[in-house]
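Chain by chain, the residues:
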Amino acid sequence: SSPGWEKGAHGRSFVHAVDTVLGGKSGTAFPVRTIPEILEKHEFHGSTDGLILLRLAQKTLGSSFTFSDTRSKVDEMMKEM
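Notes on the structure in this doc start here. (Residues numbered from 1 in each chain as written. Predicted model: local features only at pLDDT ≥ 70, side-chain atom pairs only at ≥ 80, totals over all residues. Heavy atoms only, no water.)

## Considering the overall build of the protein
Applied cut-off: Helix and strand assignments follow DSSP, with helices taken as H or I runs no shorter than four residues and strands as E runs no shorter than two, numbered in order from the N terminus. Under the scheme applied here, a residue whose accessible area is under 20% of the maximum for its type counts as buried, over 50% as exposed, and between as partly exposed, the area being computed with a 1.4 Å probe on protein chains only. Whether two residues are in contact is decided by their heavy atoms: any pair within 4.5 Å suffices. For the area figures, the Shrake-Rupley method with a 1.4 Å probe applies, and any residue is considered shielded solely by the protein chains shown.
For the protein, the helix and strand inventory stands at six helices and zero strands. Evaluated residue by residue, the protein yields a buried proportion of 36% over its 81 residues. Sequence-distant contacts, at least 24 apart, represent 56% of the contacts inside the protein between residues at least 6 apart. If you sum the accessible surface of the protein, you get close to 5,000 Å²; carbon and sulfur atoms cover 50% of it.

## Topic: the nonpolar core
In plain terms, the rule: By nonpolar core we mean a set of buried residues, namely Ala, Val, Leu, Ile, Met, Phe, Trp, Tyr and Cys, connected to one another through side-chain atoms within 4.5 Å.
Core analysis: the largest hydrophobic core is formed by 20 residues, its most contacted members being F14, L22, I35, L39, I52, L56 and M77. Sorting the residues of this core by element identifies α1 (9-26), α2 (35-38), α4 (49-61) and α6 (74-80) as the ones contributing at least two each. Residues within four places of I35 in sequence aside, it is in contact with W5, E6, G11, F14, V15, F44, I52 and L56.

## So, the environment of A17
In this fold, A17 is placed in helix α1. Each C-alpha atom, one on A17 and one on A57, is 9.6 Å from the other, the two residues being 40 residues apart in sequence. In contact with A17, not counting residues within four places along its chain, are L22, L53, M77, E80 and M81.

## Observations concerning the pattern of salt bridges
For clarity, the cut-off: The salt bridge definition used is simple: a Lys or Arg side-chain nitrogen within 4 Å of an Asp or Glu carboxyl oxygen.
Within this structure, the stated rule accounts for one salt bridge. Between K59 and E43 there is a salt bridge whose closest N-O contact spans 3.4 Å. Of the two residues, K59 sits in helix α4 while E43 sits in helix α3 (residues 41-44), which places them 16 residues apart along the sequence. E43 gets classed as buried once you look at its relative accessible area, which sits at 15%.

## Some points on the environment of V15
Looking at the element boundaries, V15 is found in helix α1. Along the sequence, V15 and T60 sit 45 residues apart, while their C-alpha atoms lie 9.3 Å from each other. Residues in contact with V15, not counting those within four places in the same chain, are R33, T34, I35, I38 and L56.

## Looking at the side chain of E43
The condition that has to hold: Two N or O atoms count as a polar contact when they lie within 3.5 Å, although within protein this holds only if one can serve as hydrogen donor and the other as acceptor, and sequence-adjacent residues are included solely when both atoms are side-chain atoms.
Polar side-chain contacts of E43 include one of 2.7 Å to the backbone nitrogen of E40. When neighbours within four sequence positions are excluded, E43 is seen to be in contact with R55 and K59.

Here it is in structure tokens:
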């Protein structure tokens, strides 16, 4: 990926997908942030889209995050992007 992608449209689509699929369905609106505001660089640089989505979900949902529940939503989040 080119430098700065995480703050552009593609990067914002990850946050949008997590918010829409996981936050929207629970009635919780998450604050709009960029990937670098949520994840450390090593958590997204060189990672697949699916891993980035899972990591964003984990950081956004905090203690209510369950890997198995969120993993089942990855396809839906990918479509939302």
